[in-house]
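Secondary and tertiary structure notes
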Amino acid sequence: MVNSLAPERFDQVTEALKDVMDPELGVNIVDLGLIYDLGWDDEHDALVIHMTLTSAGCPLTDVIEEQTAEALDGVVDAFRINWVWMPPWGPERITDDGRDMMRALGFAI
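Rules used throughout
- Residues numbered from 1 in each chain as written.
- Predicted model: local features only at pLDDT ≥ 70, side-chain atom pairs only at ≥ 80, totals over all residues.
- Heavy atoms only, no water.
- Helix = DSSP H or I, 4+ residues; strand = E, 2+ residues; numbered from the N terminus.
- Rg over C-alpha atoms; globule rule 2.2 N^0.38 Å.
- Buried < 20%, exposed > 50% of the residue type's maximum accessible area, 1.4 Å probe, protein only.
- Contact = heavy atoms within 4.5 Å.
- Areas by Shrake-Rupley, 256 points an atom, 1.4 Å probe, with all protein chains shown as cover.
- Lys, Arg positive; Asp, Glu negative; His and termini not counted.
- Charge placed at Lys NZ, Arg CZ, Asp CG, Glu CD.
- Core = buried A, V, L, I, M, F, W, Y, C linked by side-chain atoms within 4.5 Å.
- Patch = residues over 30% accessible without salt bridge, like charges linked within 9 Å, V, L, I, M, F, W, Y side chains within 5 Å.
- Salt bridge = Lys/Arg side-chain N within 4 Å of Asp/Glu carboxyl O.
- UniProt positions renumbered as here; feature names shortened; annotations may be inferred.

1. As for the overall build of the chain
Across its full length, the chain carries 3 helices and 4 strands. For the chain, the sequential pattern of α-helices and β-strands runs β-α-β-β-α-β-α. Computed over the C-alpha atoms, the radius of gyration of the chain is 14 Å, within 12% of the 13 Å expected from 2.2 N^0.38 for a compact globule of 109 residues. Considered along the principal axes of its C-alpha atoms, the chain spans approximately 45 × 25 × 25 Å. Looking at the 109 residues of the chain, the share that counts as buried comes to 39%. Counting contacts in the chain only where the partners sit at least 6 residues apart, residues at least 24 apart contribute 62% of the total. About 6,100 Å² of surface is accessible on the chain, with carbon and sulfur atoms providing 51% of the total. Placing the 6 positive and 22 negative side-chain charges of the chain at their respective mean positions leaves the two points 8 Å apart.

Laid out in structure tokens, this is it:
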């Protein structure tokens, strides 16, 4: 069973995940709005990251998983990513900080 994270734990994990950059866009996965939810799997004592990608056919899931492992090292002992495709990601999920980052990279958003 997956439970909600305590607010302080949620904030700690979210901050760590801001070090994970979308390899194609160069903006972190949190500010891109790729993280749909964070939970805790009591049975496996692991963080569960419910996230999506900007496109279902993205070939760079391995890169994101590796970056996630590096970012969460020392934050949690174990995690798994639950790839979510519904609802599909859309640019409306990008945070204001993410929009600023994308504009700085030359994207018209």
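2. A few points about the nonpolar core
Within soluble globular proteins, side chains that are nonpolar generally end up buried alongside one another. Counting 28 residues, the largest nonpolar core has Val13, Leu17, Leu47, Ile49 and Leu72 as the members making the most contacts within it. Every element with two or more residues in this core is listed here: helix H1 (7-17), strand S2 (35-41), strand S3 (46-51) and helix H2 (61-72). Dropping the residues within four chain positions of it, isoleucine 49 is found in contact with Leu17, Ile35, Asp37, Leu38, Thr68, Leu72, Phe79, Arg80, Ile81 and Asn82.

3. Remarks on a negative patch on the surface
On the surface, Asp62, Glu65, Glu66, Glu70 and Asp73 cluster together to form a negatively charged patch. Along the chain, the position of aspartate 62 falls in helix H2.

4. Brief notes about the UniProt feature "domain: MIP18 family-like" (unreviewed entry) in the chain
Under the present numbering, the feature "domain: MIP18 family-like" (unreviewed entry) in UniProt falls on residues 11-74. From the first C-alpha to the last, residues 11-74 spans 15 Å; its make-up is 30% helix and 20% strand.

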